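Overview (structure and organization)
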Amino acid sequence: MRAERAPSSLNLFGLATALMIALAGGAVWALAALFRQETLAVLALPLGFLIGRVLAGTHGPRGTWVAALCAATFSLLASGYALWMIASGRVAMLLGMRLSETLSSIGLDLTFAMTRAWLTVPDLMFIAGGVFLAAAAATWHRRPRVQIQSSEPSKE
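Definitions and limits used
Residues numbered from 1 in each chain as written. Predicted model: local features only at pLDDT ≥ 70, side-chain atom pairs only at ≥ 80, totals over all residues. Heavy atoms only, no water. Helix = DSSP H or I, 4+ residues; strand = E, 2+ residues; numbered from the N terminus. Expected span 1.5 Å × (residues − 1). Contact = heavy atoms within 4.5 Å. pLDDT = per-residue confidence, 0-100. Salt bridge = Lys/Arg side-chain N within 4 Å of Asp/Glu carboxyl O. Buried < 20%, exposed > 50% of the residue type's maximum accessible area, 1.4 Å probe, protein only.

**Let's talk about helix 1 (residues 12-36)**
A rise of 1.5 Å per residue sets the reference length of helix 1, with its 25 residues, at 36 Å; its end C-alpha atoms lie 36 Å apart and thus fit the reference within 8%. On the buried face of helix 1, the contacting elements are helix 2 (44-56), helix 3 (65-95) and helix 6 (121-139). Note on helix 1: the residue one or two positions beyond its end, Gln37, has a positive phi of about 60°.

**Considering unusual backbone geometry**
At Gln37, a position not held by glycine, the phi torsion is positive, near 60°. Inspection of the secondary structure puts Gln37 in the loop between helix 1 and helix 2. Although it is not a glycine, Leu40 sits at a positive phi angle of roughly 50°. As for its position among the elements, Leu40 is in the loop between helix 1 and helix 2.

**Remarks on the confidence of the model for the protein**
The predicted model of the protein has a mean per-residue pLDDT of 85, with 79% of residues at 70 or higher. Across the protein, the secondary-structure element scoring lowest on mean pLDDT is helix 4 (residues 99-105), at 85, and the one scoring highest is helix 6, at 95.

**Describing the pattern of salt bridges**
Following the criterion strictly, the structure yields two salt bridges and no others. In this structure, Glu38 and Arg36 form a salt bridge, with 3.1 Å as the shortest nitrogen-oxygen distance. Among the residues examined, Glu38 registers a relative accessible area of 36% and is labelled partly exposed. For Arg98, the salt bridge is made with Glu101, and the minimal N-O distance between the two is 3.7 Å.

In structure tokens:
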């Protein structure tokens, strides 16, 4: 019988996986938002849940406050990345430039001003809900079932 190791409080592979999911999810969110010409902040909810479940899975720091903090941070990072890409894409469409040129020339102050101008209160609530959902999903995990063996001899 093999002994199970207790999960560590910090697993770099799990953190790197969650970070890559956050960045890829932010890029997909931005692509969908630019295609639909909307913010689509509702996508922060499933993205936050996915980030949280990855950190609560077998690779991440399960059910700890570290997992909740990392999931909330990665969810905020994904939202910020998506909003930066959406703002850059809108500037690129308005000016007729390529997105790669716009990404290198647009500053954070212009990105922040544009994002603040078109974000609504429901959009901010969806983003905050995604952060909360990520933290909640990261802290929730199932404990493995323990099989109780009886001390009585089996009757065969």
